[in-house]
Amino acid sequence: MSFFTASYAIEQNPISVLITDINGVIEYANPKFSEVSGYLLEEIRGKNPYFLQTNTLSAEEYQRMSQLVINGGVWQGELCSRRKNGDFFWESTHISAIRNPYGAISHFVWLREDISDRKRAEERIRFLAYYDNLTHLPNRLMLQERLREAIEISRMHSCLLAVIFLDLDQFKRINDSLGHRAGDLLLQQVANRLQECLRFSDQVYIARPDTPLPQDLLARLGGDEFVIVLTEFNHTDAVTRVARRVLDVMAKPFVVNNKEVFTSCSIGIALYPYDGDDMEVLLKHADTALYHAKDRGRNNYQMFSPSMNVAATQRLVLESHLRKALQNQEMTLYYQPQVVLDSGRVTGVEALLRWNSPELGMVSPADFIPIAEETGLIVSIGEWVLRTACTQARAWQTMEGLSDLRMAVNLSPRQFSDPHFLKRIATALQETGLQPELLELEITESQLMQEGLLECLQSLKELGVTLSIDDFGTGYSNLRYLQRFPLDRLKIDKSFVKDIDCKSNHDTIAATVIAMARSLRLSVIAEGVETKCQLAGLRALDCDEIQGHYCSHPQPPEKILGILKSHFKFD
Ligand code: C2E
Ligand code: MG
Ligand code: MG
């Protein structure tokens, strides 16, 4: 074979070939190299090939690579290079020495093969493994890897690090009422807004060799849970500032399918090194702080404190006791009268659940209903409430002559998704013998948005029961929306009753709600009426009925009976 054949082989090789002198100065590049890199030989002759590289390798690694090659070894690896037009691309690279006939090194040769296609495929696989498909944010796996590294770096630099756990408030409600597709769209928008809250907003989607570590990280853990990791700060102010910014941006309405959707989020924060020095502990403590934020009425942030662990344990204790509360007969119903403002006549009662736990004492429904909801226990508890209330109403009818007393029962969102729900109501009515129109079902305003609820309420109406909207005014329904539902009554939430005083109340929310009810031809009852002034104010606004401590606290059946038989005298 001639010398020329060898040189044609290099010239026409489908692999890029670069030859440098002993000092690493480029002397030759074959046409394939120019094709791939965009540089002509004339442009690069005399330069060092390192200028083509991005910092895929650290300075020490470059040093080691040079040593190896100078000593006659072959370096082999993958390098990220930059084309003349600035694009990044990956090359599989071999570097080795060329010796002259006397055995001395005279040149180095770089063989480089463009492996961008393979890298792209690998990146795609990496993307699927490390990123969340819906929001394109890093997923749990990526979070774990990055967080572990970030903790190490914070340890080395003696810096603080924060794990910020956040969860949308009542996302399930939005998902149930607007549908999963809308829920997904909302999560995408949430992800975008959260990203804007980070100091480095140019989050890495595909980890590129030129992205510095450490950096703030935003990840989605699944569902409506997100985690932010803040690194390299020295004062907790930096964290609370981010937390406050997150609450702010989430408070602005989102637009999903041309509808305004309001949400908020709760935030729990754990700090390295104060609240833990490894990943698992920090995540767990941030989660505990998050629970605490939810307990504090949502839409706030909480920094972890050791006493919170106690609260988290208490919640678990509550749940385990709740599981056996029904069969141990620890639940009872109290009843609170509903009174006509004009005549003082008691027309109905609301059944309110009470749990007297031998271990925990009296537990408020506000504390255990949410847990019953989350665990699904509400379905059996709800069924028990319904039957007990209907049986009680029927007993008062037959034994005490209270023949037209209405019995109001609260329903939870979860009960509507029970496929046997209608059947359960019909059977309870049938078996207890209570007339359907005397059973009033209370549904909260926010439940109205639940998918399929309209049909469900229509079927309930066909059964003949009375339907009322509880806590009215706290949701976002407008008149046109409400019109579609076969409702009988609105119950004005007690927070609006609080605003009523002895003076003119015509510009209060209560006044607006009453006017709204009038135009829908619904009757109105005000909840939480405590004072004479409120009563007078409601009367001036022409409210139909009232319920609240002013008339009676909720009481067990034997104590309430006397009140049910009497008339109130309001003067
Ligand atoms: P709700 O249905 O709006 O019930 C009214 C709440 O206001 C009751 O609280 C009642 O005791 C309280 N209340 C009555 N009058 C006054 C007053 O004058 N001032 C003030 N400040 N409060 C008054 P409770 O019994 O603690 O129940 C809280 C919530 O728990 C209920 O709100 C309801 O949403 C839920 N709940 C209660 N029983 C059941 C049940 O059997 N099933 C379901 N799903 N939820 C229930
Ligand atoms: Mg109620
Ligand atoms: Mg209410």
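Here the residue numbering is sequential within each chain, running from 1 through the sequence in written order. Chain A is the first chain written and ligand 1 is the first ligand written, with later ones labelled in order. Local features are withheld for residues below a pLDDT of 70 in this predicted model, meaning they are given only at 70 or higher, and side-chain atom pairs are given and counted only at 80 or more; totals for whole chains, interfaces and linings count all residues. Side-chain numbers come from the whole structure's heavy atoms, not from hydrogens or water.

## Some words on the pairing of strand E5 (residues 105-114)
In this sheet, E5 lies alongside strand E1 (residues 16-21) in antiparallel orientation, the contact comprising 6 bridges. Bridge assignment links Ser16 to a residue of E5, and that residue is Arg112. Only when DSSP finds a minimum of two bridges between them are two strands counted as paired. Secondary structure elements are defined from DSSP: runs of H or I of at least 4 residues count as helices, runs of E of at least 2 residues count as strands, and each element is numbered from the N terminus. The sheet contact formed by strand E4 (residues 88-99) and E5 spans 9 bridges and is antiparallel. Bridge pairing in E5 links Ala97 to Phe108.

## Some points on the domain arrangement of the chain
Where each domain starts and ends follows an automatic or database-derived domain assignment. The domain architecture assigned to the chain consists of domain 1 (3-114), domain 2 (122-310) and domain 3 (321-564). The gap between the C-alpha centroids of domain 1 and domain 2 is 44 Å.

## Some points on the coordination of the magnesium ion (ligand 3)
In an ideal octahedron of six donors the angles at the metal are 90 or 180 degrees, and in an ideal tetrahedron of four donors they are 109.5 degrees. In the first shell of the magnesium ion (ligand 3), the protein supplies Asp470 (OD), Asp471 (OD), Glu527 (OE) and Glu527 (OE), at 2.0 to 2.4 Å from the metal. Coordinating N, O and S atoms are those within 2.8 Å of the metal (3.2 Å for Na, K and Ca), and as water is not part of the atoms, a site may appear to have fewer donors than expected. Going along the chain, you hit the donors of the magnesium ion (ligand 3) in the pattern D-D-x55-E. Separation of the magnesium ion (ligand 3) from the magnesium ion (ligand 2) amounts to 4.1 Å, with Asp470 serving as a shared donor to the pair. Buried means the residue's accessible area, taken with a 1.4 Å probe over protein chains only, is under 20% of the maximum for its type, while exposed means over 50%, and partly exposed covers the values in between. Owing to a relative accessible area of 6%, Asp470 belongs among the buried residues under this scheme. Overall, the relative accessible area of 26% leaves Asp471 in the partly exposed class.

## Side note on the packing of aromatic side chains
Pairing of aromatic side chains here covers Phe, Tyr and the six-membered ring of Trp, requires ring centres within 6.5 Å, and sorts the geometry by plane angle: under 30 degrees stacked, over 60 edge-to-face, intermediate tilted. Applying the stated rule across the entire model yields 10 aromatic pairs. Ring geometry for Tyr50 versus Trp110: centroids 5.8 Å apart, planes at 65°, classification edge-to-face. Residue Tyr50 is found in the loop between helix H3 (41-44) and helix H4 (59-70), and its partner Trp110 is found in strand E5; the two are separated by 60 residues along the sequence. Each ring is checked for a lysine NZ or an arginine CZ that lies within 6 Å of its centre and within 35 degrees of its normal; such an atom marks a charge sitting over the ring. Over the ring of Phe89 we find Arg83; its NZ or CZ atom is 4.1 Å from the centre of that ring.

## Observations concerning helix H8 (residues 180-197)
With 18 residues, H8 extends 26 Å from end C-alpha to end C-alpha; this agrees with the ideal 26 Å at 1.5 Å per step. Taken together, the buried positions of H8 are Ala182, Gly183, Leu186, Leu187, Val190, Ala191, Arg193, Leu194, Gln195 and Cys197. Expected helix span is given by 1.5 Å per residue-to-residue step, counting one fewer step than there are residues.

## Some words on the nonpolar core
Here, nonpolar core refers to any group of buried Ala, Val, Leu, Ile, Met, Phe, Trp, Tyr and Cys residues whose side-chain atoms link them within 4.5 Å. Formed by 81 residues in total, the largest nonpolar core has its most connected members in Leu322, Trp396, Leu439, Leu441, Leu457, Leu538 and Ile546. Sort the elements by how many residues they give to this core and helix H13 (residues 378-400) lands first, with 9 residues. Two residues qualify as a contact provided that any one of their heavy atoms is within 4.5 Å of a heavy atom in the partner residue. Excluding residues within four positions of it along the chain, Trp396 makes contact with Tyr335, Val349, Gly401, Leu402, Leu405, Met407, Pro557, Ile560, Leu561 and Leu564. Counting 37 residues, the second-largest nonpolar core is a separate cluster that includes Leu186, Val261, Cys265 and Ile267.

## As for the coordination of the magnesium ion (ligand 2)
Only Glu350 (OE), Asn410 (OD1), Glu442 (OE) and Asp470 (OD) from the protein reach the magnesium ion (ligand 2) as donors, at distances of 2.0 to 2.2 Å. The motif formed by the donor residues of the magnesium ion (ligand 2), counted along the single chain, is E-x59-N-x31-E-x27-D. You can call Glu350 buried: its relative accessible area is 3%. With relative accessibility at 28%, the residue Asn410 sits in the partly exposed group.

## Looking at the pairing of strand E17 (residues 439-444)
With 5 of 6 residues buried, E17 is to be regarded as a mostly interior element. Bridge analysis of strand E16 (residues 406-410) against E17 gives 4 bridges, and the strand direction is parallel. By the bridge assignment for E17, Met407 is matched with Leu439. Here 5 bridges tie E17 to strand E18 (residues 466-472), and the two strands are oriented parallel to one another. The residue bridging Thr444 from the neighbouring strand is Asp470, located in E18. Orienting the strands away from the viewer, one traces the path from the first strand over the helix to the second; a clockwise path indicates a right-handed crossover. Between the parallel elements E17 and E18, the chain passes through helix H16 (residues 453-463) in a crossover that is right-handed.

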